[in-house]
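Structure assessment
In case you want the letters, here they are:
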Amino acid sequence: MAATASLKSSLLLPSPISDFSGAAVSISTQRRRSWQPRGARIQVSAAADSKNILVMGGTRFIGVFLSRLLVKEGHQVTLFTRGKAPITQQLPGESDAEYAEFSSKVQHLKGDRMDFEFVKTSLAAKGYDVVYDINGREAVEVEPIIEALPNLEQYIYCSSAGVYLKSDLLPHCESDAVDPKSRHKGKLETESLLTSRGVNWTSIRPVYIYGPLNYNPVEEWFFHRLKAGRPIPIPGAGNQITQLGHVKDLATAFNLVLGNPKASQQIFNISGAKYVTFDGLARACAKAGGFPEPELVHYNPKDFDFGKKKAFPFRDQHFFASIEKARRELGWTPEFDLVEGLTDSYNLDFGRGTFRKAADFTTDDMILGKKLATV
């Protein structure tokens, strides 16, 4: 049931597709004990440019890394959360001094963003200059925020590349048609609302996000199977092309649009520099964690009824976007290539024994059982 030679080469596609030929990869686990973007990418704000910034959702994943960048640049940062999770936590590789400095400066506003009257009252009292909306899904959640802040300088929104209409022409570009029936249609409606209200907004559209603290089991799904020494079930031929962007690169992009005239009422796709096949991603995860070459088992999803369980963490299609606009207009460049980024994720999270969801091989066993039965 191991992948055939032809399948093993299925990820070897022309640049910018990531390719992994099986050569040894050596990445120091001590290389980035304390993360900060490379100096040329971010200019530290002068005290006079310090902004009073509200981050809607900042304790789980993207906001954790973004808020650290903003605090380092001298901005006054307030995290709006329901207070159900610790407001701050020391990150793996973060020194005690760095964590103490961050936690002493970041502020917290406890509340439910669906309590619109509370949002209006509390935000109006604070008079924030900039809002980073990391967890907004519907336009109705955004309206009370902009009503409360009539002098808002910029609204920076986390959208999704999932809004694009499925197409035979790839990669997706910011000017491409969008799908009004997408499960992310609320993000499209939010962009329309911000435009209609005359707000200075910027929208960031990531593809798949990965990295330490990822609550969406993307790389974790592969790491669980690799650690258990199990075959990795992959739908179809495994040559579906997708794209992943590291959370720290995403945080850098979010930071670069702040106060940037080139980002006014603009949309930017943000992800990794290269694309990768499903098979290639499995092999990249193995390299990142120091595991042997994985056994890949391909299957037809139509042969199974998985019920409500998700058998694979990616949509079964080609799905990737151009990041050239962000490169050109923002001067942004991803710091992490895929194997390096997965190594960073593994070393600072799964490799330390931490993960968001326990391993569940129920659907794997269904696939493997059927494969064995037909041998």
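Residues numbered from 1 in each chain as written. Predicted model: local features only at pLDDT ≥ 70, side-chain atom pairs only at ≥ 80, totals over all residues. Heavy atoms only, no water.

If you check an unreviewed UniProt entry, the protein chain appears there as NAD-dependent epimerase/dehydratase domain-containing protein from Urochloa decumbens.

1. Some thoughts on the overall build of the protein chain
When its secondary structure is counted, the protein chain shows 12 helices and 13 strands. When burial is assessed residue by residue, the protein chain has 54% of its 375 residues classed as buried. Taking contacts inside the protein chain between residues at least 6 apart in sequence as the whole, the part at least 24 apart equals 82%. With the model as given, the accessible surface of the protein chain reaches about 17000 Å², and the carbon-plus-sulfur share is 50%. (Helix = DSSP H or I, 4+ residues; strand = E, 2+ residues; numbered from the N terminus. Buried < 20%, exposed > 50% of the residue type's maximum accessible area, 1.4 Å probe, protein only. Contact = heavy atoms within 4.5 Å. Areas by Shrake-Rupley, 256 points an atom, 1.4 Å probe, with all protein chains shown as cover.)

2. Here we look at the packing of helix H9 (residues 278–289) against helix H11 (residues 338–348)
Between H9 and H11, the shortest axis-to-axis distance is 8 Å and the interhelical angle comes to 55 degrees. With respect to H11, the axis of H9 lies oblique. Where H9 crosses over H11, the two elements pack in a sense that is right-handed. Across the interface between the two elements, Leu281, Ala284, Cys285, Lys287, Ala288 and Gly289 of H9 pack against Leu338, Val339, Leu342, Thr343 and Tyr346 of H11. Residue composition of the contact of H9 with H11, grouped by class: 8 nonpolar, 2 polar and 1 charged. (Axes fitted to C-alpha atoms, helices over the stretch in contact; angles between N-to-C directions. Parallel < 35°, antiparallel > 145°, perpendicular 65-115°, else oblique. Left-handed = near helix turned anticlockwise from the far one by under 90°. Nonpolar A, V, L, I, M, F, W, Y, C, P; charged D, E, K, R; others polar.)

3. Considerations on empty space enclosed by the protein
Here the structure, examined in full by the defined rule, presents 4 cavities of 30 Å³ or more. Of the pockets and cavities examined, the second largest cavity occupies roughly 60 Å³. Lining the second largest cavity are Gly211, Leu213, Asn214, Glu219, Glu220, Phe223, Ser345, Asp349, Phe350, Thr354, Phe355 and Arg356. The element contributing the most residues to the lining of the second largest cavity is helix H7 (residues 219–227), with 3 residues. Residue composition of the lining of the second largest cavity, grouped by class: 4 nonpolar, 4 polar and 4 charged. (1 Å grid on protein atoms, 1.4 Å probe; cavity = no way out; pocket = protein on both sides within 12 Å on 5 of 7 lines; lining within 4 Å. Points joined across faces, edges and corners; volume = space filled by probe spheres on them.)

4. Digging into the sheet that holds strand S2 (residues 76–81)
In space, the 7 strands of this open sheet follow the order S3-S2-S1-S4-S5-S6-S11, with parallel pairing throughout. Taken across any chain shown, the strands that pair with only one partner, and hence form the sheet edges, are strand S3 (107–110) and strand S11 (266–270). Sheet twist, expressed as the average angle between the axes of neighbouring strands with direction ignored, equals 20 degrees. Pairing analysis gives 4 bridges linking S2 to S3, with the strands arranged parallel. Residue pairing across strands places Thr81 opposite Lys110, the latter belonging to S3. (Pairing = 2+ DSSP bridges.)

5. Comments concerning the pattern of salt bridges
Taken as a whole, this structure holds 18 salt bridges when the rule is applied. Its salt-bridge partner being Arg197, residue Glu143 comes within 2.3 Å of it at the nearest N-O pair. Residue Glu143 is found in helix H5 (residues 139–148), and its partner Arg197 is found in the loop between helix H6 (185–196) and strand S6 (201–206); the two are separated by 54 residues along the sequence. Residue class for Glu143 comes out partly exposed when judged on its relative accessible area of 27%. For Arg197, a relative accessible area of 39% puts it in the partly exposed group. Note that Glu324 and Arg327 form a salt bridge whose closest N and O atoms lie 3.4 Å from each other. With Glu324 and Arg327 both in helix H10 (residues 324–330) and 3 residues apart, the pair spans about one turn of that helix. We classify Glu324 as partly exposed; its relative accessible area is 45%. The network of salt bridges with shared partners includes Glu117, Lys120, Glu143, Glu147 and Arg197. (Salt bridge = Lys/Arg side-chain N within 4 Å of Asp/Glu carboxyl O.)

6. With respect to helix H2 (residues 62–72)
Burial of H2 is extensive: 10 of the 11 residues sit out of reach of the surface. The complete set of buried residues in H2 reads Ile62, Gly63, Val64, Phe65, Leu66, Ser67, Arg68, Leu69, Leu70 and Val71. Where H2 ends, the next residue or the one after it, Gly74, has phi of about 90 degrees, a positive value.

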